[in-house]
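Single-letter residue listing:
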Protein chains: 2
Amino acid sequence: MILTVTLNTALDITHRVRDLRPHTTHRVTEVTERPGGKGLNVARVLAALGHEVTVTGFVGGATGRSLQEQLARIPGVVDALVPIGGSTRRTIAVVDATGDTTQLNEPGPLIAPAEWLAFQEAYEHLLRSASAVALCGSLPPGIPVGAYAILIRTARTLAVPVLLDTSGEPLRRGLAARPDIVKPSAEELAELTGSHEPSRATRDARRRGAQSVVASLGPDGLLAHTPEGHWRATPPHHFHGNPTGAGDSAVAGLLSALVQHLPWPTRLTHAVALSAATVVTPAAGEFDHEVYEQLLGQVAVTGEVTAA
Amino acid sequence: MILTVTLNTALDITHRVRDLRPHTTHRVTEVTERPGGKGLNVARVLAALGHEVTVTGFVGGATGRSLQEQLARIPGVVDALVPIGGSTRRTIAVVDATGDTTQLNEPGPLIAPAEWLAFQEAYEHLLRSASAVALCGSLPPGIPVGAYAILIRTARTLAVPVLLDTSGEPLRRGLAARPDIVKPSAEELAELTGSHEPSRATRDARRRGAQSVVASLGPDGLLAHTPEGHWRATPPHHFHGNPTGAGDSAVAGLLSALVQHLPWPTRLTHAVALSAATVVTPAAGEFDHEVYEQLLGQVAVTGEVTAA
């Protein structure tokens, strides 16, 4: 199976209102809820592609119970979340008639040292039956900022390919543990390296420890620097819609192709096609299968193989 | 015991943010949750005054379980909420650094006809051990707009004094069933009667069926027209703070004094004192006991007894 780790899971709530005006009262016309956090989105897409997927991370409190109930209804995703005393956070997206979103993100629960240790034990156990692992998103309070470096080293010790998708200091620290793949956005790369030139920043990120760096260029596709070569994968045109979850679908595409031992250009094609097929659907963690299949033949990959 | 009915219970969530700006992302710095709905606030105040209180209404889903867990931690309040298939709604109050609130109110769950019947049975059973009952707040979808009239007739048949605190059409329909007390705000009275002159509107509301009408004048106190006379009760000065729940505390004061068979001027004194003592605390359903005790000797009641 493929393992995804979401240390800072969330219950994502969407509220539709007519017009959000500060300091007034609003009747919410529609409420939707879904399990949230980048690793859960990645898992949902992998399961829809036919992979066996297990999700881990932390879960607790009444919001955590809701999240787990909803997770149980997603076919193909196995719940191996680790219970905590605190309560899983909520995120609230208030969508008004303009279609624009006002986001309220609750802080994650404080993780106790014993809970972090329990997680590491569970993680190591799960890795023993994993063909790949993705470490996704932010860290909740109480988790050391170098947490991803620890989790990467465990995966490398057990020879499980590891993909890291995070930002800021957790990304910087994680890189030093030499993950197989990191998938930053252009902004995250610029923050990490100081360079706003994606190709230079991608190479720089590799020098900092990642074996392969796949930079997301938003609607322009992906840029990859790997030991086998460097490539740029571009969709046939820009897709309009909701970009939330597009990066998570790219991660799912990279992992899916990785466990099938597909070559890098094909991996990038899958990632770009899934990403665009997610933009055209309303919710993160979902994609339009028809658009995905079509795009597999339409993504342009240019680049070159590293001389042996 | 005193019974309070909250057909449209809610889990009240408060989010603190620095500055709410539409179409941006906000980190919530503090999250608080409490069982909400006017009847639950009334019950909390009554319990703090030493009364035995039972709450009923509808509860369901994951949010309902949270609400019940939190309700169980309030000493002196007995939970007799009736389970439903739908999910209890949330309200979200986003408080920014200005102290002002942006309110998001989810719609209530759709109540099935069988659930409404189950409630009416439970309600009639509970009334048999009640010394008074308060019917509070809005109606969830699926409940007939004349619901309060039905509940008032049941209480009157069983000779249990009944107070109605609602607005709009449910208030209009409820009045026709001759509740013992209604407690509208000046705005609700104006909407009902078309008169913005509180004394005239209060008399008019009595003619529509209520035996006693206690109109809330906000920081200026209460105005009451009853079979025994009419009075105005005024706090010694305006109190600054959070007016949420002040009306619910007034209801609690009226009920507390009613079951103690205190005369109307004393009932109004209790209601005004509790109401002001609630404004000075941050949360609905709580009051400052010291302010309350002090104010009992400071509320001015003027008016006259009806000639026999």
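Residues numbered from 1 in each chain as written. Chains lettered and ligands numbered in written order. Predicted model: local features only at pLDDT ≥ 70, side-chain atom pairs only at ≥ 80, totals over all residues. Heavy atoms only, no water.

Chain A is annotated in an unreviewed UniProt entry as Sugar kinase from Streptomyces capitiformicae. Note on chain A: under the UniProt heading Sequence similarities (unreviewed entry), the record states "Belongs to the carbohydrate kinase PfkB family." (UniProt positions renumbered as here; feature names shortened; annotations may be inferred.)

Participant: Just checking my understanding: could you explain the interface of chain B and chain A for this structure?
Facilitator: A common measure of how large an interface is: the accessible area buried when the components associate. On the chain A side, the residues contacting the 31 residues of chain B number 31 residues. Between chain B and chain A the total buried area reaches about 2,500 Å² when both faces are included, carbon and sulfur atoms providing 55% of it. Of all residues in chain B, the largest losses of buried area upon contact with chain A belong to B:His23, B:Arg90 and B:Leu104, amounting jointly to 23% of the total for that side. At the boundary of chain B with chain A, the tally comes to 4 salt bridges. In this structure, A:Arg65 engages B:Glu69 in a salt bridge whose closest nitrogen and oxygen atoms are separated by 2.8 Å. For the pair chain B and chain A, the number of links is 18 residue pairs in polar contact (both at pLDDT 80 or more). (Contact = heavy atoms within 4.5 Å. Buried area = accessible area lost by both parts, 1.4 Å probe. Salt bridge = Lys/Arg side-chain N within 4 Å of Asp/Glu carboxyl O. Polar contact = N/O pair within 3.5 Å; in protein donor to acceptor, adjacent residues only side chain to side chain.)

Participant: Looking at this structure, I do not really get the relation of the copies chain B and chain A. What am I missing?
Facilitator: With an RMSD of 0.1 Å, chain B superimposes on chain A once it is rotated by 180° and translated 0.0 Å along the axis. Here the copies are linked by what is in effect a two-fold axis. Both copies share a contact surface, since 100% of the interface residues of chain B are interface residues in chain A too. (Least-squares fit on C-alpha atoms with pLDDT ≥ 70 in both.)

Participant: Explain the pattern of salt bridges to me, please; I cannot follow it from the model alone.
Facilitator: Pairing between side chains of opposite charge can happen when their charged atoms approach one another. Applying the stated rule across the entire model yields 26 salt bridges over all chains. Between A:Glu169 and A:Arg172 there is a salt bridge whose closest N-O contact spans 3.3 Å. Of this pair, A:Glu169 and A:Arg172 both sit in helix 5 (residues 168–175), separated by 3 residues, roughly a single helical turn. Residue A:Glu169 is classed as partly exposed on the basis of its relative accessible area, which comes to 35%. Exposure remark for A:Arg172: the relative accessible area of 35% places this residue in the partly exposed category. Of the charged contacts, one joins B:Asp165 and B:Lys183 as a salt bridge, the two residues approaching to 3.9 Å between their closest N and O atoms. Taken together, the residues span a long stretch of sequence, with B:Asp165 in strand 11 (residues 162–165) and B:Lys183 in the loop between strand 12 (181–182) and helix 6 (186–193) at a distance of 18 residues. Residue class for B:Asp165 comes out buried when judged on its relative accessible area of 1%. What emerges from the salt-bridge pattern is a single network uniting A:Lys38, A:Asp165, A:Lys183 and A:Asp248. (Helix = DSSP H or I, 4+ residues; strand = E, 2+ residues; numbered from the N terminus. Buried < 20%, exposed > 50% of the residue type's maximum accessible area, 1.4 Å probe, protein only.)

Participant: What should I look at first to understand the UniProt feature "domain: Carbohydrate kinase PfkB" (unreviewed entry) in chain A in this one?
Facilitator: Within this numbering scheme, the UniProt entry marks residues 12–285 of chain A as carrying the feature "domain: Carbohydrate kinase PfkB" (unreviewed entry). Secondary structure within residues 12–285 of chain A divides into 38% helix and 24% strand; the distance between the first and last C-alpha atoms comes to 12 Å.

Participant: Is there a simple way to explain helix 10 (residues 289–296) of chain B in this structure?
Facilitator: Working note: α-helix, 3.6 residues per turn, so residues spaced by three or four point in the same direction. All names here are of chain B. Within the span of helix 10, buried status applies to Val 291, Tyr 292 and Leu 295. Down the axis of helix 10, the smallest arc covering the buried residues is 100°, so these residues share one side. Residues of helix 10 that are exposed and angled more than 90 degrees away from the buried face: Glu 290 and Glu 293. Taken together, the buried residues of helix 10 touch helix 9 (264–279). Two or three places before Glu 290, at the start of helix 10, stands the capping residue Asp 288, its side-chain oxygen 3.0 Å from that residue's backbone nitrogen. (Arc of directions from axis to C-beta.)

Participant: Whenever I open this one, the sheet that holds strand 2 (residues 10–16) of chain B confuses me. Can you help?
Facilitator: Note on sheets: strands pair through backbone hydrogen bonds, and any given pair is parallel or antiparallel. What the 5 strands build is an open sheet, ordered 3(A)-9(B)-8(B)-2(B)-4(B); its pairing is mixed. In this open sheet, the two strands that pair with only one neighbour each are strand 3 (25–27) of chain A together with strand 4 (30–36) of chain B. Between one strand axis and the next, the sheet turns through 15° on average, direction left out of account. Examined bridge by bridge, strand 8 (residues 89–95) of chain B and strand 9 (residues 101–105) of chain B share 5 bridges and lie antiparallel to one another. From the neighbouring strand, B:Ile92 faces strand 9 of chain B, where its bridge partner is B:Leu104. Strands in contact with helix 2 (residues 61–71) of chain B are strand 2, strand 4 and strand 8 of chain B; relative to strand 4 of chain B, the strand with the most contacts, it is inclined by about 85°. (Pairing = 2+ DSSP bridges. Axes fitted to C-alpha atoms, helices over the stretch in contact; angles between N-to-C directions.)

Participant: What should I look at first to understand the nonpolar core in this one?
Facilitator: Nonpolar side chains tend to gather and get buried jointly when the protein is soluble and globular. Grouped together as the largest cluster of nonpolar side chains are 112 residues, with contacts concentrated most on A:Leu255, A:Leu268, B:Leu255 and B:Leu268. The residues contacting B:Leu268, other than those within four sequence positions of it, are B:Val214, B:Leu222, B:Ala224, B:Trp231, B:Ala233 and B:Leu254. (Core = buried A, V, L, I, M, F, W, Y, C linked by side-chain atoms within 4.5 Å.)

Participant: I'm lost on the packing of helix 4 (residues 147–157) of chain B against helix 5 (residues 168–175) of chain B in this one. Help?
Facilitator: The angle between the axes and the distance between the axes are what describe a pair of packed helices. Residues and elements named next belong to chain B. At a minimum axis separation of 7 Å, helix 4 and helix 5 run at an interaxial angle of 35°. As helix 4 packs across helix 5, the resulting crossing turns out to be right-handed. Residue-level contacts link Tyr 148, Ala 149 and Ile 152 of helix 4 to Pro 170, Arg 173 and Gly 174 of helix 5. By residue class, the composition of the contact of helix 4 with helix 5 is 4 nonpolar, 1 polar and 1 charged. (Left-handed = near helix turned anticlockwise from the far one by under 90°. Nonpolar A, V, L, I, M, F, W, Y, C, P; charged D, E, K, R; others polar.)

Participant: When you look at the pairing of strand 10 (residues 132–136) of chain B in this model, what are you seeing that I'm missing?
Facilitator: Successive residues of a regular strand alternate their side chains across the two faces of the sheet. All names here are of chain B. In terms of burial, strand 10 is a largely internal element, 5 of the 5 residues being buried. The alternating pattern of strand 10 places Ala 132, Ala 134 and Cys 136 on one face and Val 133 and Leu 135 on the opposite face, and all of these are buried. Here 5 bridges tie strand 1 (residues 2–6) to strand 10, and the two strands are oriented parallel to one another. Each residue of the ladder has a partner; that of Leu 3, found in strand 10, is Val 133. Sheet topology places strand 10 next to strand 11; 4 bridges connect them, and they run parallel. Bridge pairing in strand 11 links Leu 135 to Leu 164. Note that the unit made of strand 10, helix 4 and strand 11 has a crossover that is right-handed. (Right-handed = clockwise from strand over helix to strand, strands pointing away.)

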